[in-house]
Amino acid sequence: MPFDEHDGPWTADRNGVRWICAFSHEEALARFAAARGEARREWRYRTVLGARLLDVLVPALPGPGGVALDAGSTDGMLFPPVRGIVPDTAAVDLGEEPGDQPGDQPGERGDGNERGES
């Protein structure tokens, strides 16, 4: 996890969510720096377990937050601020209806009768 100029986690704000930028290895961070045109500057970083990012750092952010892993790469992944990814206290699941189960796809109820078919 790289640090910003204030010694906090490097973050990016997008659509009302603050994303902690994290990288799976030094080469991914180097590619990110090069893509930003900042390959020559020193990037301070620390190795942090992914669970710690999600369980400790995300809830400490002011407002909704998630983790962007390997941002800017073809293998990048987002870990959004939803139940099952971050602690429930930091989750901001939107559009859920009563009775939805974790892992259900939007609109699915698991009974195979979403359109009134029998």
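Residues numbered from 1 in each chain as written. Predicted model: local features only at pLDDT ≥ 70, side-chain atom pairs only at ≥ 80, totals over all residues. Heavy atoms only, no water.

If you check an unreviewed UniProt entry, the protein chain appears there as SseB family protein from Streptomyces pacificus.

*Asks:* Got a minute to help me understand the pattern of salt bridges in this structure?
*Replies:* Side chains that differ in sign of charge can pair as their charged atoms come close. Evaluated as defined, the whole model comprises four salt bridges. Residues Glu38 and Arg36 are paired through a salt bridge, measuring 3.0 Å at the closest nitrogen-oxygen approach. For Glu38, the salt bridge goes to Arg41, with nearest N and O atoms at 2.8 Å. Salt bridges sharing partners connect three or more residues here, namely Arg36, Glu38 and Arg41. (Salt bridge = Lys/Arg side-chain N within 4 Å of Asp/Glu carboxyl O.)

*Asks:* Could you clarify how one ought to interpret helix α1 (residues 26-35) in this entry?
*Replies:* Within α1 the residues assigned to the buried category are Ala28, Leu29, Phe32 and Ala33. Angular distribution of buried residues about the axis of α1 spans 140 degrees; they occupy a single face of the element. Positive phi appears at Gly37, one or two residues downstream of α1, with a value of about 75 degrees. (Buried < 20%, exposed > 50% of the residue type's maximum accessible area, 1.4 Å probe, protein only. Helix = DSSP H or I, 4+ residues; strand = E, 2+ residues; numbered from the N terminus. Arc of directions from axis to C-beta.)

*Asks:* Any chance you could explain the packing of aromatic side chains here in plain terms?
*Replies:* For any pair of aromatic rings, the description consists of the separation of the ring centres together with the inter-plane angle of the planes. For the structure on display, the rule yields three aromatic pairs. Measuring from centroid to centroid gives 4.9 Å for Trp10 and Trp43, while their planes differ by 50 degrees, and the two rings are tilted. You can see Trp10 sitting in the segment before β1 (11-14) and its partner Trp43 sitting in the loop between α1 and α2 (50-60), a full 33 residues away along the chain. Taking the relative accessible area as the measure of exposure, Trp10 reaches 12% and is therefore buried. Here a set of aromatic residues connected by ring pairs shows up, and it is made of Trp10, Phe23, Phe32 and Trp43. Above the ring of Trp43, the side-chain terminus of Arg41 is found at 3.8 Å from the ring centroid. (Phe/Tyr/Trp six-rings, centres within 6.5 Å; stacked < 30°, edge-to-face > 60°. Lys NZ or Arg CZ within 6 Å of the ring centre and 35° of its normal.)

*Asks:* What should I look at first to understand the nonpolar core in this one?
*Replies:* Soluble globular proteins tend to bury their nonpolar side chains together. Membership of the largest hydrophobic core is limited to 12 residues, which are Met1, Phe3, Ile20, Ala22, Leu53, Leu54, Val58, Leu61, Val67, Val86, Ala90 and Ala91. It is α2 that contributes the most residues to this core, three residues altogether. In terms of nonpolar packing, the next biggest core, distinct from the first, is built from eight residues, Cys21, Ala28, Ala33 and Trp43 among them. (Core = buried A, V, L, I, M, F, W, Y, C linked by side-chain atoms within 4.5 Å.)

*Asks:* When you look at the sheet that holds β1 in this model, what are you seeing that I'm missing?
*Replies:* Sheet strands line up and pair through hydrogen bonds in the backbone, either parallel or antiparallel. If you trace the four strands from one edge of the open sheet to the other, you get β1-β2-β3-β4, paired in mixed fashion. Strands with a single pairing partner mark the edges of an open sheet, and in this sheet they are β1 and β4 (77-79). Here the average twist between neighbouring strands, direction ignored, is 30 degrees. Alignment of β1 against strand β2 (residues 17-22), held across four bridges, turns out to be antiparallel. Its bridge partner lying in β2, Thr11 is registered against Ile20. (Pairing = 2+ DSSP bridges. Axes fitted to C-alpha atoms, helices over the stretch in contact; angles between N-to-C directions.)

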